[in-house]
Amino acid sequence: MKKIKTNILNPISSSQVEYLKNTFLTIENGKISSISKETKTSDFSDHSDCICIPGLIDTHVHLSQYFIRGSHSSNLLHWLNTYAFPEELKSKDLEYAKKVARDFFKDSVRKGTTTSVIYTAPFKQACETAFQIAREIGVRAIIGKTMMDCNSPDFLLQDTEVAFKESLELFEKWNNKTKLLEYVFTPRFALTCSSKLMQMTGDFAKQNNAYIQTHLSENHEEIRTTLKLFPDCDNYTQVYEKFNLLGPKTILGHVIHIDDNELDIIKETGSKIAHCPDSNFFIKSGEFPFEKIKNKKISFALASDVAGGTSISMLNVMKMCNYRQQNYIVSPTEAFYYATLCGAKVLGKEKIIGSIKVGKDADLTFIKIPEIENKEKENILSELVYLGTERKIKATFVAGKPVFQS
Ligand code: GUN
Ligand code: FE
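These numbers were taken from a predicted model, which means no experiment stands behind them.

J.: I keep staring at the pattern of salt bridges and nothing clicks. Help me out?
T.: Two side chains of opposite charge can pair, provided their charged atoms sit close to one another. Throughout the structure, instances matching the rule amount to 27 salt bridges. Between Glu169 and Lys165 there is a salt bridge, with the nearest N and O atoms lying 3.0 Å from each other. Residue Glu169 and its partner Lys165 are both found in helix 4 (residues 160–174); the two are separated by 4 residues, about one turn of the helix.

J.: What's the story with the coordination of the iron ion (ligand 2) in this structure? I'm lost.
T.: Perfect tetrahedral coordination of a metal by four donors corresponds to 109.5 degrees between them, and perfect octahedral coordination by six donors corresponds to 90 or 180 degrees. Only His60 (NE2), His62 (NE2), His215 (NE2) and Asp305 (OD) from the protein coordinate the iron ion (ligand 2), and they sit 2.1 to 2.2 Å from it. One can describe the donor arrangement at the iron ion (ligand 2) as irregular, given that its 4 donor atoms subtend angles of 90 to 171° at the metal. Along the chain, the residues donating to the iron ion (ligand 2) fall in the pattern H-x1-H-x152-H-x89-D. Of the two residues, His60 sits in strand 5 (residues 56–62) while His215 sits in strand 9 (residues 211–216), which places them 155 residues apart along the sequence. No difference in accessibility class separates His60 from His215, as the two residues are buried.

J.: Any chance you could explain the site of ligand 1 here in plain terms?
T.: Taken together, His62, Gln65, Leu76, Trp79, Leu80, Arg188, Phe189, His215, Glu218, His254 and Asp305 make up the full set of residues adjacent to ligand 1. Residue Arg188 places a side-chain N or O atom 2.7 Å away from an oxygen atom belonging to ligand 1. Contact between ligand 1 and His215: a nitrogen atom at 3.5 Å from a side-chain N or O atom of the residue. Burial of ligand 1 by the protein amounts to 100% of the accessible area it has alone, namely 280 Å². Per-element accounting of the shell around ligand 1 gives the leading share, 3 residues, to helix 1 (residues 76–90). A class-by-class count of the residues in the shell around ligand 1 yields 4 nonpolar, 4 polar and 3 charged.

J.: What's the story with the state of the cysteines in this structure? I'm lost.
T.: In protein chemistry, a disulfide is the covalent bond that joins the sulfur atoms of two cysteines. Within this structure, the stated rule accounts for 0 disulfides. The thiol of Cys193 is unpaired, and the distance to the nearest cysteine sulfur, on Cys150, comes to 6.5 Å. By relative accessible area, Cys193 is classed as buried at 1%. Of all cysteine sulfurs, the one in Cys321 lies closest to Cys342, which takes part in no disulfide; the gap is 11 Å.

J.: For this particular structure, what's the right way to read the nonpolar core?
T.: Nonpolar side chains in soluble globular proteins tend to be buried together. In terms of nonpolar packing, the biggest core is built from 113 residues, with Leu9, Ile51, Phe105, Tyr240, Met318 and Leu384 touching the most fellow members. Looking at this core element by element, the count peaks at 7 residues for helix 3 (residues 124–137). With sequence-adjacent residues up to four places away left out, Met318 is seen in contact with Leu56, Leu302, Ala335, Phe336, Ala339, Leu384 and Val385. Judged by nonpolar contacts, the second largest core, of 14 residues, contains Ile57, Ala274, Cys276 and Ala301.

What counts and what doesn't
- Residues numbered from 1 in each chain as written.
- Chains lettered and ligands numbered in written order.
- Predicted model: local features only at pLDDT ≥ 70, side-chain atom pairs only at ≥ 80, totals over all residues.
- Heavy atoms only, no water.
- Salt bridge = Lys/Arg side-chain N within 4 Å of Asp/Glu carboxyl O.
- Helix = DSSP H or I, 4+ residues; strand = E, 2+ residues; numbered from the N terminus.
- Donors = N, O, S within 2.8 Å, 3.2 Å for Na, K, Ca; no water.
- Tetrahedral: all angles 85-135°; square planar, octahedral: opposite > 155°, others 65-115°.
- Buried < 20%, exposed > 50% of the residue type's maximum accessible area, 1.4 Å probe, protein only.
- Near = heavy atom within 4 Å.
- Polar contact = N/O pair within 3.5 Å; in protein donor to acceptor, adjacent residues only side chain to side chain.
- Areas by Shrake-Rupley, 256 points an atom, 1.4 Å probe, with all protein chains shown as cover.
- Nonpolar A, V, L, I, M, F, W, Y, C, P; charged D, E, K, R; others polar.
- Disulfide = S-S within 2.5 Å.
- Core = buried A, V, L, I, M, F, W, Y, C linked by side-chain atoms within 4.5 Å.
- Contact = heavy atoms within 4.5 Å.

Everything listed here is a matter of geometry and, on its own, says nothing about what the molecule does.
Now the structure itself:
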């Protein structure tokens, strides 16, 4: 058993957060076994200079693009062709893929993220390596090999059957075979995937209750080209609906330029959205219709989208979430909720992670806050969202195990 003295900052809902000052937390068998104001022993680790928050959750991130963070471009398709695709090719080399994966996961735990939903480069070895390193470091991750079988540069293009078969093999080898790792079927987006590939993927994932991730309506040019390729569909969302790719375990990245009919399809199918504010800003994709999607009660959560996003830090993403809205005000409470408990809900894991509660897994991030004893809940929360990237992360735990300590 592990006992820790700390100050718990816990998300309750999009409008509520609780703050438990000088509290004792115990961890047994990877789970939180008690939270109390008092302790009878003096045998505890003292993190009372920190806030303890639930481990941050990144619902959409491209591991193999980690080294090209900050490569500026004026739009998505130019950025993909100039930076992302050539960089993903480098992960064909096993040593390079290992280095990217190791640096990615190390940085991610150093920045307080405990769960990531990941796209790797379209090479089986690159995905396999990402799983192995995730297991070695001890993070929680849902990982998929990007699939692309048309309209792509030759160096990334895969044969349809091979793209699918490799994904199937990775799914069988890694999905739920260890406690913290799962597979996600990953057709990149409709522009680079054939009808056959999307249909096979949708049908298999549905039959096997597997996760699916893809991109939807990020950029105007992307949407125009997609609709030309699928003239029988009235809108982009219908393309994914047609090929059985939508459902409660589907995570759609971006979803910016979207109409009410499309949002109705997303809602009816129970599909989820990964909102990537830093990326949407950086490559000028547009403004996520935050208020509209929230009012429709479609489930969404925050994501870094590195390397469309510049930083893997979900503390940065929380800040960007408010900056990126022209009119809607995202409160610190709300931004915190979308990076923690709501992320867990998007993944259907809110009973296991996302908040600090007896019985849940101990996925925890400890962040040093100067003069913490003199600060109130509201100041601490605002400091977390707007100054979080400048604060020192002292430790990150996944299922009770330290994966990072400074
Ligand atoms: N759409 C298709 N692929 C990508 C990608 O790698 N990054 C982003 N931001 N959008 C995409
Ligand atoms: Fe993306």
